[in-house]
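One-letter residues, chain by chain:
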Amino acid sequence: MEYRLTTPLTREALAPLKKGDLVYLSGVIYTARDAAHKRLVALAKEGKELPFPIENATIYYVGPTPAKPGQVIGSAGPTTSYRMDAYSPTLIALGETGMIGKGRRSQEVIDAMKAHGAVYFGAIGGAGALLAKCIKKAEIVAYEDLGAEAVRRLEVEDMPLVVVIDSLGGNLYETGRADYLEETV
Amino acid sequence: MREISVETVKRTVARLCVEANCHLPEDVRARLRDFREQETWPVARNVLDQILENERIADSQEAPICQDTGMACVFVEVGQEVHFAGGSLADAINEGVRWGYGEGYLRKSVVGDPLERKNTGDNTPAMIYYDLAPGDVCRITVAPKGFGSENMSQIKMLRPSDGVEGVKDFVLQVVEDAGPNPCPPIVVGVGIGGTFDKAALLAKQALLRPLDQPNDQPFYAALEQELLEKINQKGIGPQGFGGRTTALAVNICTMPTHIAGLPCAVNINCHVTRHKSAEL
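Everything numeric here is computed off the predicted structure, so don't read it as measured data. (Residues numbered from 1 in each chain as written. Chains lettered and ligands numbered in written order. Predicted model: local features only at pLDDT ≥ 70, side-chain atom pairs only at ≥ 80, totals over all residues. Heavy atoms only, no water.)

Draft legend 1. Expanded view of empty space enclosed by the protein. All names here are of chain B. This model, assessed by the stated rule, comprises one cavity of 30 Å³ or more. Its boundaries defined by the atoms lining it, the largest cavity holds a volume of some 70 Å³. Every residue along the wall of the largest cavity is listed here: Cys-73, Ala-143, Pro-144, Lys-145, Lys-204, Leu-207, Leu-208, Asn-269, Thr-273, Arg-274 and His-275. When residues in the lining of the largest cavity are grouped by element, the largest group, three residues, is from strand β5 (residues 138–145). The residue makeup of the lining of the largest cavity, split by class, is five nonpolar, three polar and three charged. (1 Å grid on protein atoms, 1.4 Å probe; cavity = no way out; pocket = protein on both sides within 12 Å on 5 of 7 lines; lining within 4 Å. Points joined across faces, edges and corners; volume = space filled by probe spheres on them. Helix = DSSP H or I, 4+ residues; strand = E, 2+ residues; numbered from the N terminus. Nonpolar A, V, L, I, M, F, W, Y, C, P; charged D, E, K, R; others polar.)

Draft legend 2. Quick peek at the sheet that holds strand β4 (residues 127–133) of chain B. Residues and elements named next belong to chain B. Strand order in the open sheet formed by four strands is β4-β2-β5-β10, with mixed pairing between adjacent strands. Each edge of the sheet is formed by a strand with only one pairing partner; in this case those strands are β4 and β10 (276–279). Taking the axes of each pair of neighbouring strands and ignoring which way they run, one obtains an average angle of 15° across the sheet. Sheet topology note: the β5/β10 ladder contains four bridges and is antiparallel. (Pairing = 2+ DSSP bridges. Axes fitted to C-alpha atoms, helices over the stretch in contact; angles between N-to-C directions.)

Draft legend 3. Spatial organisation of unusual backbone geometry. Residue and element names in this part refer to chain A. A cis amide bond links Thr-7 with the next residue in sequence, Pro-8, at an omega value of -5°. As for its placement among the helices and strands, Pro-8 is situated in the loop between β1 (2–6) and α1 (11–14). Backbone geometry places Asp-158, a non-glycine residue, at a positive phi of 50°. Following the sequence through the fold, Asp-158 ends up in strand β7 (residues 151–165).

Draft legend 4. Quick look at the environment of A:Ala132. Residues and elements named next belong to chain A. The residue Ala-132 is located in helix α5 (residues 128–132) in this model. Sequence separation between Ala-132 and Gly-74 is 58 residues, and the spatial gap between their C-alpha atoms is 6.5 Å. Apart from the residues within four sequence positions on either side, Ala-132 is in contact with Ile-73, Gly-74, Ser-75 and Ala-76. (Contact = heavy atoms within 4.5 Å.)

Draft legend 5. Structural detail: the interface of chain A and chain B. Listed by partner, the interface residues are 41 residues for chain A and 46 residues for chain B. Of the roughly 3,300 Å² buried between chain A and chain B on both sides combined, carbon and sulfur atoms contribute 57%. Counting the surface chain A buries against chain B, the share from its top three residues, A:Arg104, A:Arg177 and A:Tyr180, is 20%. Counting every contact that joins chain A to chain B gives one salt bridge. Our count for the chain A to chain B interface comes out at 20 residue pairs in polar contact (both at pLDDT 80 or more). At the level of secondary structure, the elements contributing two or more residues to the side of chain A that touches chain B comprise α5, β7 and α6 (172–184) of chain A. Here the side of chain A that touches chain B gets nine residues from one element, more than from any other, and that element is α6(A). (Buried area = accessible area lost by both parts, 1.4 Å probe. Salt bridge = Lys/Arg side-chain N within 4 Å of Asp/Glu carboxyl O. Polar contact = N/O pair within 3.5 Å; in protein donor to acceptor, adjacent residues only side chain to side chain.)

Draft legend 6. Helix α2 (residues 34–45) of chain A, seen in detail. Residue and element names in this part refer to chain A. Compared with an ideal rise of 1.5 Å per residue, which puts 12 residues at 16 Å, α2 spans 16 Å between its outermost C-alpha atoms and is within 8% of the ideal. Taken together, the buried positions of α2 are occupied by Ala-36, His-37, Leu-40, Val-41 and Ala-44. All buried residues of α2 lie within an arc of 130° about the axis, which places them on one face of the element. Facing away from the buried side of α2 by more than 90 degrees, the exposed set consists of Lys-38 and Lys-45. Against the buried residues of α2 lie β3 (58–60), α3 (88–94) and β7. Positive backbone phi, approximately 75°, marks Gly-47, located one or two places after α2. (Expected span 1.5 Å × (residues − 1). Buried < 20%, exposed > 50% of the residue type's maximum accessible area, 1.4 Å probe, protein only. Arc of directions from axis to C-beta.)

Draft legend 7. Highlighting the environment of A:Ile110. All names here are of chain A. Along the chain, Ile-110 falls in helix α4 (residues 107–116). Taking the C-alpha atoms as reference, Ile-110 lies 9.6 Å from Asp-85; in sequence the two are 25 residues apart. Ignoring sequence-local partners within four residues, the contact set of Ile-110 consists of Arg-105, Ile-165, Gly-169 and Asn-171.

Draft legend 8. Quick peek at the layout of surface pockets. Residue and element names in this part refer to chain B. Taken as a whole, the second largest pocket spans an internal volume of roughly 560 Å³. Lining the second largest pocket are 22 residues; nearest its centre among them are Phe-75, Glu-77, Asp-131, Gln-205 and Leu-208. Contributions of two or more residues to the lining of the second largest pocket are made by β2 (71–79), β4, β5, α7 (196–206) and β8 (247–257). With four residues, α7 is the single largest residue contributor to the lining of the second largest pocket. Tallied by class, residues from the lining of the second largest pocket come to 10 nonpolar, six polar and six charged. Split by domain, the residues of the lining of the second largest pocket number at least three in each of domain 1 (2–21 + 65–145) and domain 2 (148–274). (Domains from an automatic or database assignment.)

Structure representation (structure tokens):
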């Protein structure tokens, strides 16, 4: 199936998505990598407010290259998600519903996704120049000292994503491979 | 004795950093196109199309192919007859990286201390590998290495009795462990022999060899082919979404080793297998 979705992503909007579905995402998303996640979770543990609204938020695991003059952003493809696994369950419990990255997630993250109706999307790893075309606006909202790893608010238009793990725990990394092998071997 | 100014080295390194990050080598591009044509799984074809489209955009707009513009691995082959004039060679290389990553709008991805983790802000220091060679030429290769794939690399001190089967099992296990994480289709660099550290270096050097150039020893060329076929029977596919195209190539480098050992290192690279060379 193919979906066109706009943020914020509510649990209701995410519920029909199944692993393997294509999603063109528009609206506001936030960027964070390991260093930013560490700070966000530390804030949350102290009961402090996060620098952006986490309820129904989508976080994109990306550290873009610097924008050249006249550009909104430089190349901006996903980074490997497992480095965020230690932090994601906390953010999901706080209301994060969408994660965009690449690569496997831990069972703890998948359990948290199932409990709270969150979805893990894959963007094409290594396609940073292509994905940058979908980003229409970018501004730093926190942790400027982290450089490429700062938290940015992005406005995206028709960002091409694949549902890798759906809210029921269906996992494309398992079934995509199995389906291919069954079909061809 | 031939004199080369360190200023020339600096300018060359800066240029190579930018060119390597924006223009995929033709051999890698050709492999991607070939595998796209041979791929039968629709999801995989779609991913490979996007990867090729991304590479075209990067090439035409001089944009980084991937946002992880890597640690700058710089291989310097210095002719014995060369004298570097005007300062330190290492400083010139690092200055070139600083310049290239700054003026080229590349991402600064290096932290100064591995545990303190504060970004150095200019992508230095470079990882520099020096080699001496006969003659009066200096050959410089810049290979920006992304860490999504670097993190999926492994080394194992096999026993001599493990033999070629042990090597095959280990390479296949590393690819299996890596799964979708290193942005497949991957390039697999394998270093066999030497010492613990030399095996790792061999694996990295294997990634510099053009993908259409097999090992010059028929035994290892056949092993490369066999491993590539086995990897592409795994079904991991581009991005791990399923399909044939899990790896574009397996490159093996070997060297003599100790009677008691069989070191084997596997350095994984993503589909953005970048390197650019110049001769001074």
